Every structure is written in C-alpha cells, then in structure tokens.
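Descriptive analysis of the structure
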Amino acid sequence: YELLDVGSLPSGIVLVHVYDVGDEEVIKKVNRISTVGDKVLIGGVYHAGVEVYGHEWAFGFTEDGSTGVCSYVPRCNVHHSGAVGV
C-alpha cells in the first residue's frame with residue numbers, strides 16, 4: 001500500500017482507517033486468505049478508526065486500561081497493525 005498524503009485533502013475530510021486486529025500472524029493470515037490477497041473483501045478480523053480533524057477516534061481499550069472511545073495519532077494505533085485508509 002502507498003502512504004496516504006492527507007496534506008492534499010480538504011480540511012475536515014473524514015477518513016476510515018482499517019487495521020488487522022492485534023499483531024498476531026494468525027490473524028494477518030486469516031485476513032489475507034479471506035480477502036483473496038487483499039483483492040476481495042469476503043470476511044476477516046478487523047478494527048477501524050475514524051480520522052477527523054487530525055485525530056483518529058476508535059472504540060476499544062484506553063490508555064488507563066478501561067474501554068471506550070479514545071483518540072490516537074492517525075494510522076498509528078499501537079494495538080493493531082497494517083492501517084489502510086479508505
């Protein structure tokens with residue numbers, strides 16, 4: 001995948017970033033197989049974050065160990081891997 005140049009996008013654009021859940025090789029393999037090598041989305045185990053005004057928001061574990069909606073640096077969620085913007 002190519003890096004997304006968000007500098008060329010209009011201010012206030014909303015992006016969705018899709019990650020493989022966690023960083024386990026078995027999850028990445030399931031996702032590769034279930035998308036036919038990233039060509040067709042049939043299924044898989046994913047996490048998504050929504051980027052708005054330079055912050056990525058997602059539901060999951062927070063820094064203090066609880067759950068809820070939290071903010072991350074866009075495309076840098078440390079709990080998941082392989083962010084792809086759509």
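A brief structural summary. (Residues numbered from 1 in each chain as written. Predicted model: local features only at pLDDT ≥ 70, side-chain atom pairs only at ≥ 80, totals over all residues. Heavy atoms only, no water.)

**So, the pairing of strand β2 (residues 46-52)**
What counts, and what does not: Only protein chains enter the accessibility calculation, which uses a 1.4 Å probe; a residue whose area is less than 20% of its type maximum is buried, one above 50% is exposed, and one in between is partly exposed. Note on conventions: DSSP H or I runs of at least 4 residues are helices, E runs of at least 2 residues are strands, and numbering of each starts at the N terminus. Only strands joined by at least two bridges in the DSSP assignment are considered to pair.
With burial as the criterion, only one face of β2 is covered, namely that bearing His47, Gly49 and Glu51; the residues Tyr46, Ala48, Val50 and Val52 on the opposite face remain uncovered. One ladder, built from 7 bridges, connects strand β1 (residues 14-20) with β2; its direction is antiparallel. Along β2, the bridge assignment pairs Val18 with Ala48. Pairing between β2 and strand β3 (residues 55-61): 3 bridges, direction antiparallel. From the neighbouring strand, Val50 faces β3, where its bridge partner is Trp57. Joining the antiparallel neighbours β2 and β3 is a turn of 2 residues, in which Tyr53 adopts a positive phi near 50°.

**Considerations on the environment of Gly82**
So the rule is basically this: Residue contacts are counted whenever heavy atoms from the two residues lie within 4.5 Å of one another.
Within the secondary structure, Gly82 sits in strand β5 (residues 81-85). Exposure remark for Gly82: the relative accessible area of 51% places this residue in the exposed category. Along the primary structure Gly82 and Asp20 are separated by 62 residues, whereas in three dimensions their C-alpha atoms are 6.1 Å apart. Excluding its chain neighbours within four sequence positions, the residues that come into contact with Gly82 are Val18 and Tyr19.

**Topic: the side chain of Asp20**
Definition in use: A residue counts as positive if it is Lys or Arg and as negative if it is Asp or Glu; His and the chain ends are not included. A side-chain nitrogen of Lys or Arg and a carboxyl oxygen of Asp or Glu constitute a salt bridge if their distance falls within 4 Å. Polar contacts, as counted here, are pairs of nitrogen or oxygen atoms within 3.5 Å of one another; within protein the pair requires one atom able to donate a hydrogen and one able to accept it, and residues that are adjacent in sequence qualify only if both atoms are side-chain atoms.
One can find Asp20 in strand β1. Of the side chains with opposite charge, Lys28 lies nearest to the buried Asp20, which makes no salt bridge, at 5.9 Å. Side chain to side chain, Asp20 and Asn31 meet in a polar contact 2.6 Å long.

**Focus on the pattern of salt bridges**
Summed over all chains, the structure comprises 1 salt bridge. Among the ionic pairs, Glu25 bridges to Arg32, the shortest N-O distance being 3.3 Å. Overall, Glu25 belongs to the partly exposed group, its relative accessible area being 48%. By relative accessible area, Arg32 is classed as partly exposed at 41%.

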